[in-house]
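Listed below, chain by chain, are the residues.
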Amino acid sequence: MQVDSLSSSTVTTTSSAKSSSASLAGSYQSFLTLLLKQLEVQDPTNPVDTAQYTSQLVQLSSLEQQMSMSDKLDELTSAVQALGTGSSALGYLGRTVTAEGDTTALQNGAANWEYSLNSEAASVTLTVRDEDGAIVYQDSGATGQGSHSFTWDGTGRDGAVHSSGAYSLTVTAEDAGKTAIATETRIKGTVTSVDTSGTTAALGIGGVSVSADDVLSLS
């Protein structure tokens, strides 16, 4: 599910506006080419009527004005869309999101994940690594088919207590025949910042950046 993505009607409108601008630009160039060609090949003894030529220049000027207005409308549309996306993204602040991915932050003494198993497993190993890839925690996990939650309290396998930082979860599952079972991992955390400077809003979860497009649920 995409959060903060543009609606199909907005995309259609933007596409139509670009198509219209391209059409106007093409018409302008064609009109200008024909007008110059007409002047080039006209009979010197029977030149283009002044009134007719003036009318053609007026039409050319009108096309220029339409092109200018179209460009300004495109800029306005882009600005409105960017404002709308940014305003919506700001609504994530302080909210808890579940998103695709395996890396999250230790917030308030806990790091939260969800993982899914495609089928029943005989064994599941949950491995937490720090930003350098070093294993800080490892334990067995729930083996049933479907979705499970896992919370790490920041206590390493050596007894050390971790208070902050980004940590990733690896889920390894096998059936009774030691055949690997497909898994999916999701992160869960509280949004502490929002960056709307890019084309897609980036949500900060305790220093870990998550694209708004990867958000699956909001609570």
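Above: the structure in question.
Bear in mind the structure is a predicted one, so any value in this text is a computation, not a measurement.

(A) Structural view of the side chain of T127. Among the structural elements, T127 can be located in strand β4 (residues 123-129). The class of T127 is buried, set by a relative accessible area of 5%. Looking at T127, its side chain comes within polar contact range of the side chain of Q138, at 2.8 Å. Among residues more than four places away in sequence, those in contact with T127 are I135, Y137, Q138, S168, L169 and T170.

(B) Summary view of the packing of aromatic side chains. What the rule picks out here adds up to four aromatic pairs. Seen in terms of ring centroids, Y137 and F150 are 6.2 Å apart; in terms of plane orientation they differ by 25 degrees. Their pairing is stacked. Remark: F150 occurs in strand β6 (residues 146-152) and Y137 occurs in strand β5 (residues 135-140); sequence separation between them is 13 residues. Residue class for F150 comes out buried when judged on its relative accessible area of 10%. Here the aromatic residues W113, Y137, F150, W152 and Y167 are joined through ring pairs into a cluster of three or more.

(C) Focus on the sheet that holds strand β2 (residues 103-105). Reading across from one edge, β2-β7-β4-β5 is the order of the four strands in this open sheet, with antiparallel pairing throughout. Only two strands of the sheet have a single partner each, and these edge strands are β2 and β5. Sheet twist, expressed as the average angle between the axes of neighbouring strands with direction ignored, equals 25 degrees. Sheet topology places β2 next to strand β7 (residues 166-174); three bridges connect them, and they run antiparallel. Bridge assignment links A105 to a residue of β7, and that residue is A166.

What counts, and where the lines are drawn
- Residues numbered from 1 in each chain as written.
- Predicted model: local features only at pLDDT ≥ 70, side-chain atom pairs only at ≥ 80, totals over all residues.
- Heavy atoms only, no water.
- Helix = DSSP H or I, 4+ residues; strand = E, 2+ residues; numbered from the N terminus.
- Buried < 20%, exposed > 50% of the residue type's maximum accessible area, 1.4 Å probe, protein only.
- Polar contact = N/O pair within 3.5 Å; in protein donor to acceptor, adjacent residues only side chain to side chain.
- Contact = heavy atoms within 4.5 Å.
- Phe/Tyr/Trp six-rings, centres within 6.5 Å; stacked < 30°, edge-to-face > 60°.
- Pairing = 2+ DSSP bridges.
- Axes fitted to C-alpha atoms, helices over the stretch in contact; angles between N-to-C directions.

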